[in-house]
Amino acid sequence: MAVSSITVRPITPLQGAEIGGVDLNDLTPAQEADICQVLTDRKAIVFRDQKISPERFAMFMHLFGKPVDEDLEPIDGNPRNVGVIHIRANEKQTINFWHMDHSFRADPAPKLALYTKTLPECGGDTLFASLESAYDGLSDEMKERIAPLWAIHQVRPTQNSRRRYTDAEFQAMMERKTRHPLVGWNPENGRKFLFVNTPVYLRYVDGMDPAESEALLDELYRHVQRPEYSFRLVWRPDTLVVWENAHCLHYPVADYFPHERKLLRVAITGEPIAAVPAP
Ligand SMILES: [Fe+2]
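Here's what I pulled together on the structure shown here.

Section: the overall build of the protein chain
Summing up its helical and strand segments, the protein chain has 7 helices and 15 strands in all. Taking 19 Å as the expected radius of gyration for a compact globule of 279 residues, we find that the protein chain reaches 18 Å, a close match to that expectation. Taking the principal axes of its C-alpha atoms as reference, the protein chain extends roughly 50 × 45 × 30 Å. Taken across its 279 residues, the protein chain has 52% of its residues classed as buried. Once local pairs closer than 6 in sequence are excluded, the contacts in the protein chain between residues at least 24 apart make up 83%. Of the accessible surface of the protein chain, which amounts to about 12,800 Å², a share of 52% is contributed by carbon and sulfur atoms.

Here's what the structure looks like:
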């Protein structure tokens, strides 16, 4: 790691870190290098008490790749690469299950970030689970069983996707099947990860008997949800989190109805999921 002034506080032994001693408006090259390294090591990094503009948020995210223009229309005058996750007052949040964004695409966003705008007085936490930790926690028998398998991902409508695409775009997306390895490989640290997602998106193991496939994916999806692999982010005003979307699942807790919750989001341009290289 480069030597800089940042402080790193692990959130659990396996994943998550709060990074202090930085102002995201003004980073030195050494701080930037350290932040990238901590993200690779910990899968999700949390910054507190950051007062930054939507423009600066998007600029900061260039550290991790190229931010995507993702929304149909700019929202609240924000740059096009700054999206909004907005649950309005008296609206129920319905994506309260463990999932990864975009696994139905050939190139899911490798990194995502959220920054607080409007929070309920309490609640609305987000949990993050490391798929690298989850892979490491599998039995040797299971690792061997899933090593050669690939799975089919396909989109279904969700609360956020409906706002983000036109009907025609969404119809075309729903017909598209995407094949990913069940065990991915992270070239940044050489670790394997268990590439599973909610059954909403992860449909079946390619070439496997449907009942066997359902039982296997159900077992793996439940395995990832073991608390040892995750941490819980309690939001406070001016909190920013960056996480490796393709190596994590996240769970937005829907316990704050009827209150409003609004977060700014930046997604990094997608990349294919790498399979484990042949020995
Ligand atoms: Fe999500």
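What to know about the coordination of the iron ion
At the metal site, the iron ion is ligated by His99 (NE2), Asp101 (OD) and His250 (NE2), and these contacts range over 2.2 to 2.3 Å. For the iron ion, all donor residues lie on one chain, and their spacing in sequence is H-x1-D-x148-H. Linking aspartate 101 in the loop between strand S4 (83–87) and strand S5 (112–118) with histidine 250 in strand S14 (residues 248–252), this pair joins segments that are 149 residues apart in sequence. Using a relative accessible area of 6% as the deciding quantity, one classes histidine 250 as buried.

Description of the pairing of strand S6 (residues 126–130)
Remark: a regular strand shows side chains that alternate across the two faces of the sheet. The element S6 is extensively covered by neighbouring structure, given that 5 of its 5 residues are classed as buried. Where burial is concerned, the two faces of S6 agree: the one with Thr126, Phe128 and Ser130 and the one with Leu127 and Ala129 are both buried. Judged from the 5 bridges that link them, S6 and S14 form a sheet pairing that is antiparallel. Pairing of alanine 129 across the sheet is with leucine 249, part of S14.

Points about the pairing of strand S1 (residues 7–10)
When S1 meets strand S2 (residues 17–20), the two strands line up antiparallel, connected through 4 bridges. Residue pairing in the sheet places arginine 9 in a bridge with glutamate 18 of S2.

Observations concerning the nonpolar core
Counting residues in each nonpolar core, the largest one holds 31 residues, and the members touching the most others are Ile146, Leu182, Leu194, Val196, Leu216, Leu220 and Val224. Listing elements by their share of this core, those giving two or more residues are S6, helix H3 (131–136), helix H4 (140–146), strand S10 (191–194), strand S11 (202–205) and helix H7 (210–224). Sort the elements by how many residues they give to this core and H7 lands first, with 5 residues. Setting aside residues no more than four positions away along its own chain, isoleucine 146 makes contact with Leu138, Leu182, Val183, Leu194, Leu216 and Leu220. In terms of nonpolar packing, the next biggest core, distinct from the first, is built from 26 residues, Ala113, Val242, Leu264 and Val266 among them.

The rules behind the values
- Residues numbered from 1 in each chain as written.
- Predicted model: local features only at pLDDT ≥ 70, side-chain atom pairs only at ≥ 80, totals over all residues.
- Heavy atoms only, no water.
- Helix = DSSP H or I, 4+ residues; strand = E, 2+ residues; numbered from the N terminus.
- Rg over C-alpha atoms; globule rule 2.2 N^0.38 Å.
- Buried < 20%, exposed > 50% of the residue type's maximum accessible area, 1.4 Å probe, protein only.
- Contact = heavy atoms within 4.5 Å.
- Areas by Shrake-Rupley, 256 points an atom, 1.4 Å probe, with all protein chains shown as cover.
- Donors = N, O, S within 2.8 Å, 3.2 Å for Na, K, Ca; no water.
- Pairing = 2+ DSSP bridges.
- Core = buried A, V, L, I, M, F, W, Y, C linked by side-chain atoms within 4.5 Å.

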